[in-house]
Each structure stands twice: as C-alpha cells, then as structure tokens.
Amino acid sequence: MPLHVPPAPAPALRSVLAALGSPTAVRDARTPALQSVKGPLSPELPLPVHVLDHVSPAARTTAPAGRTPRTRLAGWRFLIRSGEHAVAAADTMLTADGWAFSRFFEGPYVTATERAVRQAESLGIAYQPRLLSVPELYMLTLWLHGDTEADASTGTPAPADILVPLAPAPPGIAAHRPHRVAELLPMIGLRLAPAPLLRTPA
C-alpha cells in the first residue's frame, strides 16, 4: 500500500531545486556521488525531520501510558534521485526569512531511508512517513504516523505508530526492525537514563 507522503513547504522545495541548479552548491557539498552523476537529478520523497528532545522518565521502564515525548520539527529532507536510486539527500531548515537550503550529504542513511520506505510500503497499512531523530543516541528512525491526514510539521509519536531504526543503529537496537512506539520508546529511555552511582564501602 502506498505511503501518504506529505507535501513539503513550497519554499523548501524551491531552495533545493535552486541548489541543485547551482554548480557552486553542488561542488562545495563534498558529495562525490552527487558530483559524479551523469544526467538529471530530482528531489523526491520529502520527509519532515522531527527531533526527540525528551523521553519521559516513566518511559524508561514502562510503555508511555498517557505521556508523550517532546518532539520538534528540525527541517525537511529530500532524497536526491538519479534514475531509480537516491544518490544523496538535501536538508532544508527554517530561518527568519522562511525555508532555506541547508546542505547536501550522502552516506548510509540515504540508502537506509530508501530501504525502510520500501519496507513500509509492504506492510499493507496506510501511514504518513516522517523521520524521527534521537541525537543523544546518534539514532535516526523512519516514523510511520497512523494519521495520514495530519499536519506533518506537528505532532508527537502515538503509541501505535511504527518506528523503523535506520542503519547504522545504536548497539542493542536492530536496524530495519519495525517497532511500535510503545515498545521502542522504553528501550530508548533505558539507554538515555543516567548510570546508577556506585556505592563505596564506608
């Protein structure tokens, strides 16, 4: 079943198209794959990037019942496609003057995002795809939101939403294994919990 990909803000898309059309922006990006491509490049699969700022302490040992994590919109990401495959990605950010191009990049998260999207399409359930970043764990997930008509720039993960950790995932969390938010959030909370202080004998 196809995903309900949310439309990106028009200024964000225009800023990426302008950067792709700028030889200077492409050259300065230090993305060999982007520079070596022959033929047209197109920004596709716009995904809002949300950042998980805080996990409730209650989520460290139990599933979040009635409590939701704090998230914030950090930008929009586009996969830059050449032919049938993505060769790089482009990030945009919100500035005082509106949405603006931020950077091009390549690496494992580009191919991992493509793979996770294909996984999501095979689930047979309609979802709105987003990205959820957990900076403290250097972790990025494909967030499959159950409300396909929701404003993609707002909201928090619902317990029944699906998170697919992208490779490379943190130790102990399997990449590309779908988890419900209610299952994965406690695992994240445990990894973010401070280590207990060791008591020394008197």
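Structure first, text after, so check above.
Computed from a prediction, not measured in an experiment: that's the story for all the values here.

A. Highlighting the overall build of the protein chain. Scanning the protein chain from N- to C-terminus turns up five helices and eight strands. If you list the helices and strands of the protein chain from N to C, you get α-α-α-β-β-β-β-α-β-β-β-β-α. Within the protein chain, contacts between residues at least 6 apart in sequence are counted, and of these 58% link residues at least 24 apart. Working note: accessible area of the protein chain is about 10,600 Å², and carbon and sulfur atoms make up 57% of it.

B. Representation of the pairing of strand E4 (residues 98–105). Alignment of strand E3 (residues 85–95) against E4, held across seven bridges, turns out to be antiparallel. For Thr95, the partnering residue across the bridge sits in E4 and is Gly98. Between E3 and E4, which pair antiparallel in sequence order, lie two residues.

C. Main features of the pattern of salt bridges. Taken as a whole and judged by the stated rule, the model has five salt bridges. Two residues, Glu44 and Arg81, come together in a salt bridge whose shortest N-O distance is 2.9 Å. Here Glu44 is found in strand E1 (residues 42–54), whereas its partner Arg81 is found in strand E2 (residues 70–82), with 37 residues between them in sequence. On the basis of relative accessibility, which here comes to 17%, the residue Arg81 falls in the buried class. Among the charged side chains, a salt-bridge network with shared partners connects Glu44, Arg81 and Glu114.

D. Highlighting the packing of aromatic side chains. Per the stated rule, a full pass over the model turns up one aromatic pair. Arranged with centres 4.6 Å apart and planes meeting at 50 degrees, the rings of Phe101 and Phe104 form a pair that is tilted. Sitting over the face of the ring of Phe105, Arg103 holds its NZ or CZ atom 4.2 Å from the ring centroid. Directly above the ring of Trp143 sits Arg130, whose terminal nitrogen or CZ lies 4.6 Å from the centroid.

Parameters and conventions
Residues numbered from 1 in each chain as written. Predicted model: local features only at pLDDT ≥ 70, side-chain atom pairs only at ≥ 80, totals over all residues. Heavy atoms only, no water. Helix = DSSP H or I, 4+ residues; strand = E, 2+ residues; numbered from the N terminus. Contact = heavy atoms within 4.5 Å. Areas by Shrake-Rupley, 256 points an atom, 1.4 Å probe, with all protein chains shown as cover. Pairing = 2+ DSSP bridges. Salt bridge = Lys/Arg side-chain N within 4 Å of Asp/Glu carboxyl O. Buried < 20%, exposed > 50% of the residue type's maximum accessible area, 1.4 Å probe, protein only. Phe/Tyr/Trp six-rings, centres within 6.5 Å; stacked < 30°, edge-to-face > 60°. Lys NZ or Arg CZ within 6 Å of the ring centre and 35° of its normal.

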